[in-house]
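Architecture at a glance
Each chain, written out:
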Amino acid sequence: MELVSTIRHDGDGGVLDDLDTVRGTHRWLRRQPGLPDVATGDPVVDEALRAAIVGVRRAVRALFARVVSPAPPSPADARRLMPADEALAHLNEAAAREPVAPQLHWPDEGAPAARLLSAESDPGVRLIAALARDAVDFLSGPERDRLRACHAPRCVRYFIRSHGRQEWCKPSCGNRARVARHYERTRAADPS
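Below or above, wherever it landed, is the structure these notes cover. Note that this is a predicted model, so its numbers are computed, not measured.

This next bit is on the packing of helix 3 (residues 84-95) against helix 4 (residues 123-139). One can describe the packing of helix 3 onto helix 4 by two numbers: an axis separation of 7 Å at closest approach and a directional angle of 125°. Relative to helix 4, helix 3 is oriented oblique. Helix 4 is crossed by helix 3, and the crossing has left-handed handedness. Contact residues: L91, N92, A94 and A95 in helix 3; I128, A129, A132, R133, A135, V136 and L139 in helix 4. For the contact of helix 3 with helix 4, the per-class residue count stands at nine nonpolar, one polar and one charged.

Examined against the element boundaries, E167 turns out to sit in the loop between strand 6 (158-160) and helix 5 (171-189). Classification of E167 by relative accessible area gives partly exposed; the value is 48%. Along the sequence, E167 and A130 sit 37 residues apart, while their C-alpha atoms lie 30 Å from each other.

For the rest of this paragraph, the subject is the packing of aromatic side chains. Under the counting rule described, the total for this entry stands at two aromatic pairs. Judged by centre distance (5.4 Å) and plane angle (50°), the rings of F64 and F138 are tilted. With a gap of 74 residues between them, F64 in helix 2 (residues 47-68) and F138 in helix 4 connect regions that are remote in the sequence. We note that F64, like F138, is buried. Between F64 and Y158 the ring centres are 5.4 Å apart and the planes differ by 80°, which places this aromatic pair in the edge-to-face class. Of the two residues, F64 is situated in helix 2 and Y158 in strand 6; the sequence distance between them amounts to 94 residues. Residue class for F64 comes out buried when judged on its relative accessible area of 2%.

Rules used in this analysis
Residues numbered from 1 in each chain as written. Predicted model: local features only at pLDDT ≥ 70, side-chain atom pairs only at ≥ 80, totals over all residues. Heavy atoms only, no water. Axes fitted to C-alpha atoms, helices over the stretch in contact; angles between N-to-C directions. Helix = DSSP H or I, 4+ residues; strand = E, 2+ residues; numbered from the N terminus. Parallel < 35°, antiparallel > 145°, perpendicular 65-115°, else oblique. Left-handed = near helix turned anticlockwise from the far one by under 90°. Contact = heavy atoms within 4.5 Å. Nonpolar A, V, L, I, M, F, W, Y, C, P; charged D, E, K, R; others polar. Buried < 20%, exposed > 50% of the residue type's maximum accessible area, 1.4 Å probe, protein only. Phe/Tyr/Trp six-rings, centres within 6.5 Å; stacked < 30°, edge-to-face > 60°.

Laid out in structure tokens, this is it:
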């Protein structure tokens, strides 16, 4: 969800892309401590890595639009969605870029846990594969059924619905939607 949320409302009626520059991409990666090599050593963030991250994001947003269908996708994607079959192929290709093997870790005290051991030396490849695998896990998991696109005025986010009546990603979006509906009703009732 963090990667998909790098496209967001800018507060002035437009859309802001946190990954539109190499510098912005580097800033976003620094705020994601759970990603490989971000906490322990940065991958070199250059235009090629930025483009690869944006490519994974485009694929994931296209697949999110497929999940929320027949409801409309996020307004940020409505006119420029990657075809679903292309998005699926792109995401699977990105996830497969890193050869990994499951390893069992079993401390003397405690329960066993599985983790993935990578044979890839390029931190950029590990990063792209990790982003893609996270998306694969989400899209094949139980939370997928709760995914929604927020349709409050000017919002472009996807969110995971936390209760049955939730329509917006956050309370401020709900307030904007209610104000917009009130304005439309008032304007329709005023014959002047």
